[in-house]
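These are the residues of each chain, in order.
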Amino acid sequence: MSPKQKVYQGVLQEIRKFIEVNDLKPGDKLPSERELSDKLGAGRSSIREALRAMELIGIIETRHGGGTFLSKYRPYHTVELLSTFILSQTTKDELLIVKELLEKEAAKLIFQQLDHVKLEQLKTIMNDSSLTMKEQHYSFFKYIVELTDNQFLARIWGLINEYSKSFTGHYSREFYMKLIKLYKTQNYPSIEGLFNEEKTY
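Residue positions are given per chain, counting from 1 as you read along its sequence in written order. In view of the model being predicted, local features appear only for residues whose pLDDT reaches at least 70, and side-chain atom pairs are presented and counted only at 80 or more, with totals across whole chains, interfaces and linings using the full set of residues. Hydrogen atoms and water are omitted, and side-chain values are computed over all heavy atoms in the structure.

## Details of the overall build of the protein
Looking only at helices and strands, one finds 10 helices and 2 strands in the protein. Per the convention used, a helix needs a DSSP run of H or I reaching at least four residues, while a strand needs a run of E reaching at least two, with both numbered from the N terminus. In sequence order, the secondary structure elements of the protein are arranged as α-α-α-β-β-α-α-α-α-α-α-α. Any residue under 20% of the maximum accessible area for its type is buried, any over 50% is exposed, and the rest in between are partly exposed; the area is computed with a 1.4 Å probe on protein chains only. When the 201 residues of the protein are sorted by exposure, 42% land in the buried category. We call two residues in contact when some of their heavy atoms are within 4.5 Å. Of the contacts made within the protein by residues no fewer than 6 positions apart, 71% connect residues no fewer than 24 positions apart. Carbon and sulfur atoms provide 53% of the accessible area of the protein, an area that totals close to 11100 Å². Accessible areas in this description were obtained via Shrake-Rupley with a 1.4 Å probe; residue shielding takes into account the shown protein chains only.

The following block contains the structure:
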C-alpha cells in the first residue's frame, strides 16, 4: 500500500469516526479541511481528495463558503465508506472483473424497460464524436446504470469507476452497437454471451 493510500484511508476513517462518535444527523457540519489536516498530520490535498470521494457517493455535501455537511445519511453509506478501504487493497484485475459484472447485470436489468427514446439516447452517446472511447463507455454505462433505478448499484459502480479511472478502459466499439441491437431485437439471452466474448478491458 502506497503512503498516499494510507493517508487517504486515515482521512476516511477519521471522518467516519467523527460521524459515529458525534452521532451526526443530516445537515450537521463536519470539521474543516484545516482541522482534519492538523489532526491527521496530512496534507490539505489528501483531505480534499477524501472529502471529494465522500461527496461523490452522497455522504456529504459542500456548501460554498459554508463548509462541509453530512448529507442524507443512510446505513449503507457506512458500507460505501468502508468499501474504499477494500478498494485500496484490491488488485486491478479484481476491480475490472467486478466492474464488468456490474455493467453486465445492469445491462440485463434494464432490458424490459427500454423504449425507442432510450435506445436513441444510447445511440447518441456512441455517435458523439467529441467524446473519446473511454468517455463514451462511461456515459453509455452511466445511463444504463441510472435506468436500473437502483441507487446502491449506481453508487457502487460509480465508486469503482472513480477509483479505477486511471487504468480502466472500454470495450470495442462494435460491442456497444451489438448491445443496442440486442435491445432493439429483444434478444435477451444473447446479452450474457456478448459480455463473455468481450474481454478488452
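## Topic: the pattern of salt bridges
Criterion for a salt bridge: a side-chain nitrogen of Lys or Arg within 4 Å of a carboxyl oxygen of Asp or Glu. One pass over the structure, following the stated rule, counts 12 salt bridges. A salt bridge links Arg 44 to Glu 33; the shortest N-O distance between them is 3.5 Å. Linking Arg 44 in helix α3 (residues 44-56) with Glu 33 in helix α2 (residues 33-40), this pair joins segments that are 11 residues apart in sequence. Glu 33 gets classed as partly exposed once you look at its relative accessible area, which sits at 21%. Across the salt bridge formed by Asp 38 and Arg 34, the nearest N and O atoms sit 3.8 Å from each other. A residue pair is termed a helical-turn pair when its members lie 3 or 4 positions apart in one helix, as Asp 38 and Arg 34 do in helix α2 at 4 residues. Several salt bridges share partner residues, and in doing so they unite Lys 104, Glu 105, Lys 108 and Glu 192 into one network.

## Let's talk about the confidence of the model for the protein
In the predicted model, the protein carries a mean pLDDT of 82, and 84% of its residues have values of at least 70. Confidence of the predictor at the level of single residues is given by pLDDT, which spans 0 to 100. Element-level mean pLDDT values for the protein span from 54 in helix α4 (residues 75-88) up to 96 in helix α6 (residues 116-126).

## As for the packing of helix α9 (residues 173-184) against helix α10 (residues 189-197)
Angular values range over 0 to 180 degrees, each being the angle between N-to-C directions of two axes fitted as lines to C-alpha atoms, with helices fitted over their stretch in contact. At a closest axis distance of 10 Å, the pairing of α9 and α10 adopts a crossing angle of 170°. Relative to α10, the element α9 lies roughly antiparallel. Contacts from Phe 175, Lys 178, Leu 179, Leu 182 and Tyr 183 in α9 reach Ser 190, Ile 191, Leu 194 and Phe 195 in α10. Residue polarity follows a fixed list, in which Ala, Val, Leu, Ile, Met, Phe, Trp, Tyr, Cys and Pro are nonpolar, Asp, Glu, Lys and Arg are charged, and the others, Gly among them, are polar. Partitioned by chemical class, the residues of the contact of α9 with α10 number 7 nonpolar, 1 polar and 1 charged. Here is the rule for angles: anything less than 35 degrees is roughly parallel, anything more than 145 is roughly antiparallel, 65 through 115 is roughly perpendicular, and the remaining ranges are oblique.

## Structural notes on unusual backbone geometry
Residue Asp 149 is not a glycine yet carries a positive backbone phi of 60°. Note on placement: Asp 149 falls in the loop between α7 (133-147) and α8 (151-164). Accessibility expressed as a relative area gives 70% for Asp 149, which makes it exposed.

## Some words on the packing of aromatic side chains
Paired rings are identified among Phe, Tyr and Trp, the last through its six-membered ring, by centres lying within 6.5 Å, and are further divided according to the angle between planes into stacked (under 30 degrees), edge-to-face (over 60) and tilted (the rest). Taken as a whole and judged by the stated rule, the model has 13 aromatic pairs. Ring centres of Tyr 171 and Phe 195 lie 5.9 Å apart, and the angle between their planes is 85°; on these two criteria the pair is classed as edge-to-face. Taken together, the positions of Tyr 171 in the loop between α8 and α9 and Phe 195 in helix α10 put the pair 24 residues apart, joining distant regions of the chain. Within the aromatic cluster, the residues linked to one another by ring pairs are Phe 140, Phe 141, Tyr 171, Phe 175, Tyr 176 and Phe 195. In our convention, an over-ring charge means Lys NZ or Arg CZ found within 6 Å of a ring centre and within 35 degrees of that ring's normal. Looking at Arg 63, its charged tip hangs above the ring of Phe 69, at a distance of 3.9 Å from the centre.

## What about the packing of helix α5 (residues 92-109) against α10?
Direction vectors running N to C along α5 and α10 enclose 160°, while the axes themselves pass 10 Å from each other. The angle between α5 and α10 falls in the class roughly antiparallel. As α5 packs across α10, the resulting crossing turns out to be right-handed. Facing α5, whose interface residues are Glu 100, Glu 103, Lys 104, Ala 107 and Lys 108, α10 presents Ile 191, Glu 192, Phe 195 and Asn 196. For a crossing to be left-handed, the near helix must be turned anticlockwise from the far one by less than a right angle; the clockwise case is right-handed.

## A short note on α9
For a helix, the expected span equals 1.5 Å multiplied by the number of residues minus one. Helix length check: α9, at 12 residues, gives a terminal C-alpha distance of 17 Å against a target of 16 Å (1.5 Å per residue), a fit within 8%. Buried residues of α9: Phe 175, Tyr 176, Leu 179, Ile 180, Leu 182 and Tyr 183, and no others. All buried residues of α9 fall inside an arc of 160° around its axis, so they share one side. Those residues of α9 that are exposed and angled more than 90 degrees off the buried face are Glu 174, Lys 181 and Lys 184. Of the surrounding secondary structure, the elements contacted by the buried residues of α9 are α5, α6, α7 and α10. A positive backbone phi angle near 60° is found at Gln 186, which sits one or two residues after α9. Directions from the helix axis toward the C-beta atoms define the arc.

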